[in-house]
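Examining the three-dimensional arrangement
As a plain string of letters, each chain reads:
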Amino acid sequence: MADDKDVLRDVWFGRIPTCFTLNQDEVTEREAEPYYLLLPRVSYLTLVTDKVKKHFLKVMRSEDVEEMWFEYEGTPLKWHYPIGVLFDLHASNTVLPWNITVHFKSFPDQDLLHCPSNSIIEAHFMSSIKEADALKHKSQVVNDMQKKDHKQLWMGLQNDKFDQFWAMNRKLMEYPTEEGGFRYIPFRIYQTMSDRPFIQKLFRPVSPEGNTLTLGDLLKEMYPTAITNDGEQKRYQVVIHGIEPLLETPLQWLSEHLSHPDNFLHICVIPTPTD
Amino acid sequence: METWKSHVRAGLQQRDHREKLPFVGVFTSLSQLEEMFEIRKQILEDQSKSLDRGGVEVGKNTRLLQLQLRESEHLEEKLSQTVSDLTSVLYLKEAELQYWQSRVSQYRQEALSLAKGSNTLKATLSEIEFTAESQSKELAALRIENKRLHEALTQVWTEKERLVQRWMEEKKEEADRLNKYNDTQERWQHLAKQLKKHFQREMVKECVPIVTSSMSTTETPPSVIQGINNTTDVHQRHSKPSLEPT
């Protein structure tokens, strides 16, 4: 449907205006100017920050440079989470542009994975796609693809080519009509209030009685406190791609249209702002 | 469109109005300016190097032309990249078109087989309708027959009731007749018994003086008494079974 394709485009072309600032503790030859960049919500930090690195390296001595990493208000930003998820989780209700601090030393090994090259991001991305397809189609679709098809998915993301990516990703979104959806919905629920990185369990898009299950049904089972009961004050926002979908939205449709390129539906549960 | 879907679409648009659209213009301009700045900086560096080497000093016009040339080259690079991108998009679109055409053909096949199935079902339905109609006619005829038989049965029942009634009356009359006969018999037996007693008493009275004078002349001949007794027995034999209710 044309309207649904517009949703896919809006999701793909979501951007977050960001201001990168070099950490004050870094030793520089001269003062570093901040660097402004529109970050794609669906991409990964280390994949789209080559220019940022180049910009700050100009003012630094090569001997002071180690692996680059990012931090927002004291929280190290995990590059293996999509950028949109990081923003929704940590900074969704702050003033734009998003202020990210760039570091070149004291890499927090406890909190972050190392990312020496883009091949690491590619491996992580393809691993997520395979995991998602294992849940959706018992890996049948991704296993039927050729190496070049996998490459097309990755290149589509890397070069921000919507058509290139979706020409292949469309196959990962198909399902038998008589089954009414995927086998299981690949989803992850993130929360800032817990030490658990995320919630991920098996959940079908259709009930045993044949009823379509919704976002509300998923939350009721996985994270009941995220749902506001009648007469209760709203305590949490359920955010996907920077918006709050209605709880009656069918989960299958959400998975097909609001999943990230890694084919997972990333759901952020954040406290409602008090002001 | 479903409410939830329009909500998602509106939400995404609002998000872009908040996060993307106010910034995209200024961020793009900034990026372009940075690129230009990099080119000019590169030219300046190159020129200063050539001057250091004691090369020929170039005039202001040459400098400007060189700058324009670099910028054009940069632009050309970008345009050729765009052309390459568009070509790959075109290939993708062609592949997509083929995919959709194959899907259309698949759906057409499905539609054809479904239409055939539908025709078969229609034929079956019309056969079933015909059978149902004939069966409904049969049912109507059977209902009429059933009604007729029911009426006949009612009539026969009435007749039977009437006959039973008549038979009961007849039996009642028969029982009355028999009872009357039994009463008569009873009365007759009673009278016979009394008569017998009376007769015996009379006989005793008459026999006493005779016995005292001569035993042989006063004896009642046994045949008379036996005759009376026999008569009573005969009456009893006749009356006893008829008293029992039929």
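Anything mentioned here points back to the structure above.
Presented here is a report on the structure given in the accompanying data block. By convention here, each chain's residues receive numbers from 1 onward along its written sequence. Written order determines the labels here, with chains lettered from A and ligands numbered from 1. For a predicted model such as this one, the threshold for reporting local features is a pLDDT of at least 70, and the threshold for listing and counting side-chain atom pairs is 80 or more; totals across whole chains, interfaces and linings nevertheless cover every residue. Calculation of side-chain values draws on the structure's entire complement of heavy atoms; hydrogens and water are dropped beforehand.

This next bit is on the environment of H257 of chain A. Residues and elements named next belong to chain A. Each helix is a run of H or I in the DSSP string that is no shorter than four residues. Each strand is a run of E no shorter than two, and both are numbered from the N terminus. By secondary structure assignment, the location of H257 is in helix α9 (residues 251-257). Type-normalised accessible area, obtained with a 1.4 Å probe on protein chains alone, sets the label of each residue: buried when under 20%, exposed when over 50%, and partly exposed for intermediate values. Relative accessible area serves as the criterion here: at 9%, H257 is assigned to the buried category. When the C-alpha atoms of H257 and D6 are compared, they prove to be 9.7 Å apart, with 251 residues separating the residues in sequence. The contact definition used throughout considers only heavy atoms, calling two residues in contact when any of these lie within 4.5 Å. When neighbours within four sequence positions are excluded, H257 is seen to be in contact with D4, V7, L8 and V11.

Residue and element names in this part refer to chain A. Working rule for helices: expected span equals 1.5 Å times residues minus one. Between the first and last C-alpha of helix α6 (residues 147-158) there are 16 Å, a value that for twelve residues agrees with the 16 Å anticipated at 1.5 Å per step. All of the buried residues in α6 are D149, H150, Q152, L153, W154, G156 and L157. Phi for D160, located one or two positions after α6, is positive at around 55 degrees.

To continue, consider the interface of chain A and chain B. Each partner contributes to the interface: chain A provides 42 residues, whereas chain B provides 31 residues. Values labelled buried area give the accessible surface lost by two parts on being combined, using a 1.4 Å probe and summing over both. Here chain A packs against chain B, burying approximately 3,000 Å² in sum over the two surfaces, 61% of which is carbon and sulfur. When the buried area of chain A at its contact with chain B is split by residue, D10, R170 and I243 of chain A rank highest and sum to 17% of it. Every case where a carboxyl oxygen of Asp or Glu lies within 4 Å of a side-chain nitrogen of Lys or Arg is listed as a salt bridge. The partner of R103 of chain B in a salt bridge is E174 of chain A, with the nearest N and O atoms 3.3 Å apart.

Bringing the sheet that holds strand β2 (residues 35-40) of chain A into the picture now. Residues and elements named next belong to chain A. In short, DSSP must find at least two bridges between two strands for them to pair. Taking strand neighbours across the sheet as the criterion, the five strands line up as β2-β1-β5-β3-β4 in an open arrangement whose pairing is mixed. Either end of the sheet is taken by a strand with one partner, and the two such strands are β2 and β4 (75-76). Summarising the sheet, strand β3 (residues 69-72) and strand β5 (residues 98-103) pair through three bridges and their orientation is antiparallel. By the bridge assignment, E71 is partnered in β5 with T101. Axis definition: a line fitted to C-alpha atoms, over the contacting stretch in the case of helices. Angles run 0 to 180 degrees between N-to-C directions. Across the face of the sheet, helix α2 (residues 50-57) comes into contact with β1 (15-22), β2 and β5 while running at roughly 165 degrees to β2.

What follows covers the sheet that holds strand β8 (residues 265-271) of chain A. Residues and elements named next belong to chain A. In space, the three strands of this open sheet follow the order β6-β8-β7, with mixed pairing throughout. Where the open sheet ends on each side, the last strands, each with one partner, are β6 (187-191) and β7 (236-239). Neighbour-to-neighbour, the strand axes of this sheet turn through a mean angle of 20 degrees, independent of strand direction. Sheet topology places β6 next to β8; five bridges connect them, and they run parallel. Each bridged residue has a counterpart across the sheet, and for Y190 the counterpart in β8 is C268. Here helix α3 (residues 83-91) sits on the sheet and contacts β6, β7 and β8; the angle it forms with β8, its principal contact strand, is near 10 degrees.

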